[in-house]
Amino acid sequence: MSIAVDVRDLVKIYPNGVRGVDGATFSVYDGEIFGLIGPNGSGKTTTLRILATILKPSSGYANIYGFDVVREPERVRRIIGYLPEDAGAYRDMTGLEYITFILGLRFRGKELEEDVEEAVKISRLGRDVYRPIRSYSKGMKRILNLAITLAQRPKLYILDEPTSGLDVEKSIEVRNTIASYSKSYGATILLSSHNMLEVEYLCNRVAIIYRGKIVSEGYIDEIKSRYSAKNLEEAFIYSIKESKTSNT
Ligand SMILES: Nc1ncnc2c1ncn2[C@@H]1O[C@H](COP(=O)(O)OP(=O)(O)OP(=O)(O)O)[C@@H](O)[C@H]1O
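Everything numeric in this text was worked out from a predicted model, so none of it was measured.

J.: I keep staring at the overall build of the protein and nothing clicks. Help me out?
T.: A count of helical and extended segments in the protein gives nine helices and 10 strands. Here the protein has a C-alpha radius of gyration of 18 Å; the compact-globule value for 248 residues is 18 Å, and the two agree. Counting only C-alpha atoms, the protein reaches 55 × 40 × 40 Å along its principal axes. Taking all 248 residues of the protein together, the buried fraction comes to 40%.

J.: How should I be thinking about the environment of Arg142 in this particular structure?
T.: Residue placement: Arg142 occurs in helix 5 (residues 138–151). Given 23 C-beta atoms within a 10 Å radius, Arg142 is considered buried. Through-space distance from the C-alpha of Arg142 to that of Asp86 is 8.8 Å; in sequence the pair is 56 residues apart. When neighbours within four sequence positions are excluded, Arg142 is seen to be in contact with Gly165 and Leu166.

J.: What should I look at first to understand the sheet that holds strand 7 (residues 156–160) in this one?
T.: Strands pair in a sheet through their backbones, by hydrogen bonds, and they do so in one of two ways: parallel or antiparallel. Spatially, six strands are ordered 6-7-8-3-9-10 in an open sheet, and the strand pairing comes out mixed. Looking at strand neighbours, the two that pair on one side only are strand 6 (80–83) and strand 10 (213–219), the edges of this open sheet. Taking each pair of neighbouring strands and ignoring which way they run, the sheet shows an average axis angle of 15 degrees. Relative to strand 7, strand 6 is paired through four bridges, and the arrangement is parallel. Directly across from Tyr82, in strand 7, lies its bridge partner Ile158. Of the strands in this sheet, strand 3 (33–37), strand 7, strand 8 (188–193) and strand 9 (205–210) touch helix 1 (residues 44–51), which is tilted by about 150 degrees from strand 7. Strands in contact with helix 5 are strand 6 and strand 7; relative to strand 6, the strand with the most contacts, it is inclined by about 175 degrees.

J.: Could you clarify how one ought to interpret the UniProt feature "domain: ABC transporter" (unreviewed entry) in the protein in this entry?
T.: The sites that UniProt annotates as "domain: ABC transporter" (unreviewed entry) are residues 5–236. Span residues 5–236 is 39% helix and 26% strand, its end C-alpha atoms 22 Å apart.

J.: Got a minute to help me understand the confidence of the model for the protein in this structure?
T.: Caution applies to low-pLDDT parts of the model: their predicted coordinates are not meant to be read in detail. Within the protein, residue pLDDT values average 92, and 99% of them lie at 70 or more. ipTM for the predicted complex: 0.98, alongside a pTM of 0.93.

J.: In this structure, what is going on with the site of the ligand? I would like to understand it.
T.: Around the ligand, the structure places Tyr14, Asn16, Val18, Gly20, Gly38, Asn40, Gly41, Ser42, Gly43, Lys44, Thr45 and Thr46. Per-element tally for the shell around the ligand: the top contributor is helix 1, with three residues. Taken together, the residues of the shell around the ligand sort by class into two nonpolar, nine polar and one charged.

J.: Just to check I follow, could you spell out the pairing of strand 4 (residues 59–64) for this structure?
T.: Pairing of strand 1 (residues 3–13) with strand 4, which is carried by five bridges, proceeds in the antiparallel orientation. From the neighbouring strand, Val7 faces strand 4, where its bridge partner is Ala62. Taken together, the two bridges between strand 4 and strand 5 (residues 67–68) define a ladder with antiparallel strand orientation. Each bridged residue has a counterpart across the sheet, and for Ile64 the counterpart in strand 5 is Phe67. Hairpin remark: strand 4 followed by strand 5, antiparallel, with two residues in the connecting loop; positive phi at Tyr65, about 45 degrees.

What counts as what
- The written sequence of each chain sets the order in which its residues are numbered from 1.
- With the structure being a predicted model, the display of local features is reserved for residues of pLDDT at least 70 and the display and counting of side-chain atom pairs for 80 or more, all residues being used for whole-chain, interface and lining totals.
- Under the DSSP-based scheme used, a helix requires at least four consecutive residues in state H or I and a strand at least two consecutive residues in state E, with every element numbered from the N terminus.
- Our radius of gyration looks at C-alpha atoms and nothing else; its globule reference is 2.2 Å times the residue count to the power 0.38.
- Each residue is classed by its C-beta neighbour count within 10 Å, where at least 20 other C-beta atoms makes it buried, 12 or fewer makes it exposed, and intermediate counts make it partly exposed; the C-beta atoms are placed from backbone geometry.
- The contact criterion used is a C-beta to C-beta distance within 7 Å, with each C-beta placed from the backbone.
- Any two strands are treated as partners once DSSP identifies two or more bridges connecting them.
- Here an axis means a line fitted to C-alpha atoms, over the contact stretch when the element is a helix, while the angle between two N-to-C directions is reported on a 0 to 180 degree scale.
- UniProt positions are given in the numbering used here, feature names are shortened, and annotations may be inferred rather than shown by experiment.
- The predictor's confidence in any single residue is recorded as pLDDT, a number from 0 to 100.
- Nearness between a residue and a molecule or strand is assessed with a C-beta atom placed from the backbone; a distance within 6 Å qualifies.
- In the scheme used here, Gly and all other residues not listed as nonpolar or charged are polar, with Ala, Val, Leu, Ile, Met, Phe, Trp, Tyr, Cys and Pro taken as nonpolar and Asp, Glu, Lys and Arg as charged.

Below you can see the structure in the form of structure tokens.
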């Protein structure tokens, strides 16, 4: 299996001295849906921001389809679609204007038209795409940003908590959309989540990150049997406990 994302000994020390990531190592294979899971403050967003070339690591190495995120950020940006945890949107634009504006930064002509149409379809906003974003709910804005990210059809999607702030029905819709994108286009997806049910449903492999380090990585069934756990949530708790004990 070829490797899409290769992260080795990645460290990020913020200016205040906090170690956002502290030696993380994991790989994502081409075509898979990979979940990065961990408690609050464990380093998920920091890792994804480094991969999205928004943050520079302090040391270590990360590469996406052979391109180094520090030395070749332009090449990396061309092959990824990134959904930030806290993606905002211009309040005074309509949903459609915003979709066209963001996709227009990357595409032109016929390709842009097709991608805008695709994003509108994914967003399922219907006639609401003609309304200003200031009138959208949090969930509508989240889905708008996700639709724009998905419509770009990059080689790798980096989705930071794609269903955060969404109700159950919308979360299911988003999960199904992500799953069908992965299936139809063979896209590689790296996502972070707190929702173990979601991760079990969507991902084939996961890495559990705790205090900036990967404490477990593998196929979900493998991780469950490693901890004799009934489900991923239980395996997650056991792996964190084990890591706490081995560090004391
Ligand atoms: N800009 C920053 N400056 C200083 N410290 C930061 C900054 N961003 C994050 N951190 C710290 O780095 C650590 C990892 O944070 P990060 O946001 O990557 O975790 P996370 O796993 O995504 O958390 P959550 O699940 O709560 O979103 C935390 O201790 C956090 O306080």
